[in-house]
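The chain contents come next:
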Amino acid sequence: MKKSHPIRRAVLAGAATVSGIVLLLSLKPASDPASAQGAAAPQQSAAAQESPQGGSGQQSSSGARTVTGDVAQTQYGPVQVRITVSGGKITKSEVVQIPTGGRSTQVSNSSVPRLNQEAVAAGSADIDAVSGASYTSAGYKKSLQSALDKAKAQGGGTSGPAGAAGSAGGAGSSGSSGSSGSPAAPQAPAAQARTVTGDVAQTQYGAVQVRVTVSGGKITKAEAVQAPKGGLSDQKTALAVPRLNREAVAAGSADIDAVSGATYTSAGYKKSLQSALDKAGG
């Protein structure tokens, strides 16, 4: 009996060792770090490919950009302007916030469309305040200037002049390359822009005559050659004519609003403007 105990112990120890090895072998497939890394690698590469595509798509479509100005607080409520800029020019202007309620709604409905038109026509925040909407106009101009500053910081304010310089440089280089037909290219835009002076329109306070520059079927510039002068007429002319010029460019026609307090001058301006447009169309 005493001799059998060491043998049993050896058998038990061997069995325990074999059991331990079997357990270790059974735990090995559960860890498998290589397969986990292999599965993670495609996910990372797919994500890496996806993010640059999204970023480049947004940048390539940024020819026309929309910029929202800061909120301008006025006595009657906040004013906030959003503009669309393309080719270094304002192509659209609209309000995001505007004073409302009571008489403020009427003032806003009357002033905002005119302010939008003037912003597009002027291409800057240097626009006249609308009569009867001084606070709204001031807030509009402040927010508009903020939007223009943001557009300039993003590069939108310099694309217009740069594009013009680039086209001029391209024309010069093509002309020096030896092509005999290339010098005609710069002359084409000059031939398309025409300056036409309308007939003189007689008003109760004096003569009004308008001159327009037309290019590509659009009015690019409008100015008064003659306008009523002397006494109160000087003040009315100084107030009305710049606004009528901008509205003519913005509307592209003689269908523009009369300036309050300058009814006769406005009527004469529109009559002479229509005459100039008729001549340009012929």
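Structural data are supplied above this passage.
Residues numbered from 1 in each chain as written. Predicted model: local features only at pLDDT ≥ 70, side-chain atom pairs only at ≥ 80, totals over all residues. Heavy atoms only, no water.

Draft legend 1. Spatial organisation of helix H8 (residues 263–281). For H8, spanning 19 residues, the distance from its first C-alpha to its last is 27 Å, which sits close to the expected 27 Å at 1.5 Å a residue. Within the sequence span of H8, burial applies to Thr-265, Ser-266, Gly-268, Tyr-269, Ser-272, Leu-273, Ser-275, Ala-276, Leu-277 and Ala-280. The elements touched by buried residues of H8 are strand E5 (194–197), strand E6 (201–203), strand E7 (206–215), strand E8 (218–226) and helix H7 (232–251). (Helix = DSSP H or I, 4+ residues; strand = E, 2+ residues; numbered from the N terminus. Expected span 1.5 Å × (residues − 1). Buried < 20%, exposed > 50% of the residue type's maximum accessible area, 1.4 Å probe, protein only. Contact = heavy atoms within 4.5 Å.)

Draft legend 2. Broad picture of the packing of aromatic side chains. One pass over the full model with this rule turns up two aromatic pairs. When the centroid spacing of 5.5 Å and the interplanar angle of 70° are considered together, the rings of Tyr-76 and Tyr-135 count as edge-to-face. Linking Tyr-76 in the loop between strand E2 (72–74) and strand E3 (77–86) with Tyr-135 in helix H4 (residues 134–153), this pair joins segments that are 59 residues apart in sequence. Residue Tyr-135 is classed as partly exposed on the basis of its relative accessible area, which comes to 44%. The lysine or arginine in question, Lys-236, covers the ring of Tyr-205, its NZ or CZ lying 5.7 Å from the ring centre. (Phe/Tyr/Trp six-rings, centres within 6.5 Å; stacked < 30°, edge-to-face > 60°. Lys NZ or Arg CZ within 6 Å of the ring centre and 35° of its normal.)

Draft legend 3. Structural view of the packing of helix H3 (residues 103–122) against H7. The N-to-C vectors of H3 and H7 enclose an angle of 80°; their axes lie 9 Å apart at closest approach. What the angle tells us is that H3 and H7 run roughly perpendicular. Residues Arg-114, Gln-117, Glu-118, Ala-121 and Ala-122 of H3 pack against Arg-243, Arg-246, Glu-247 and Ala-250 of H7. Residue classes in the contact of H3 with H7 are distributed as three nonpolar, one polar and five charged. (Axes fitted to C-alpha atoms, helices over the stretch in contact; angles between N-to-C directions. Parallel < 35°, antiparallel > 145°, perpendicular 65-115°, else oblique. Nonpolar A, V, L, I, M, F, W, Y, C, P; charged D, E, K, R; others polar.)

Draft legend 4. Representation of the environment of Ala-207 in the model. Structurally, Ala-207 can be placed in strand E7. For the pair formed by Ala-207 and Val-225, sequence separation is 18 residues and the distance between their alpha carbons is 9.6 Å.

Draft legend 5. Examining the pairing of E7 more closely. Of all ten residues making up E7, seven are buried, and the element is well covered by its neighbours. Two elements, E5 and E7, share four bridges in a ladder whose sense is antiparallel. Bridging from a neighbouring strand, Val-196 pairs with Val-212 of E7. In this sheet, E7 lies alongside E6 in antiparallel orientation, the contact comprising three bridges. Paired with Thr-203 across the strands is Gly-206, a residue of E7. (Pairing = 2+ DSSP bridges.)

Draft legend 6. Highlighting the pattern of salt bridges. Following the criterion strictly, the structure yields ten salt bridges and no others. The partner of Arg-82 in a salt bridge is Glu-94, with the nearest N and O atoms 3.3 Å apart. With a gap of twelve residues between them, Arg-82 in strand E3 and Glu-94 in strand E4 (residues 89–97) connect regions that are remote in the sequence. The salt bridge partner of Lys-279 is Asp-199, with a shortest N-O separation of 3.0 Å. Of this pair, Lys-279 sits in helix H8 while Asp-199 sits in the loop between E5 and E6; the two residues are 80 residues apart in sequence, bridging distant segments of the chain. The network of salt bridges with shared partners includes Glu-118, Asp-128, Arg-243 and Arg-246. (Salt bridge = Lys/Arg side-chain N within 4 Å of Asp/Glu carboxyl O.)

Draft legend 7. Looking closely at the pairing of E8. Pairing analysis gives seven bridges linking E7 to E8, with the strands arranged antiparallel. Along E8, the bridge assignment pairs Val-210 with Ala-224. Linking E7 to E8, which pair antiparallel, is a turn of two residues; within it Gly-216 sits at a positive phi near 65°.

Draft legend 8. Just the packing of H3 against H4, in detail. Put simply, H3 and H4 touch, their axes get as near as 10 Å, and they point 35° apart. Regarding H3 and H4, the two cross each other, and that crossing is right-handed. Along its contact with H3, which presents Val-107, Ser-111, Leu-115, Asn-116 and Ala-119, the element H4 presents Thr-136, Ser-137, Tyr-140 and Leu-144. When grouped by side-chain class, the residues that make up the contact of H3 with H4 number five nonpolar, four polar and no charged. (Left-handed = near helix turned anticlockwise from the far one by under 90°.)

Draft legend 9. Seen up close, H4. Compared with an ideal rise of 1.5 Å per residue, which puts 20 residues at 28 Å, H4 spans 29 Å between its outermost C-alpha atoms and is within 8% of the ideal. Among all positions of H4, only Thr-136, Ser-137, Gly-139, Tyr-140, Ser-143, Leu-144, Ser-146, Ala-147, Leu-148 and Ala-151 are buried. With its phi angle positive at about 100°, Gly-155 sits one or two positions after the end of H4.

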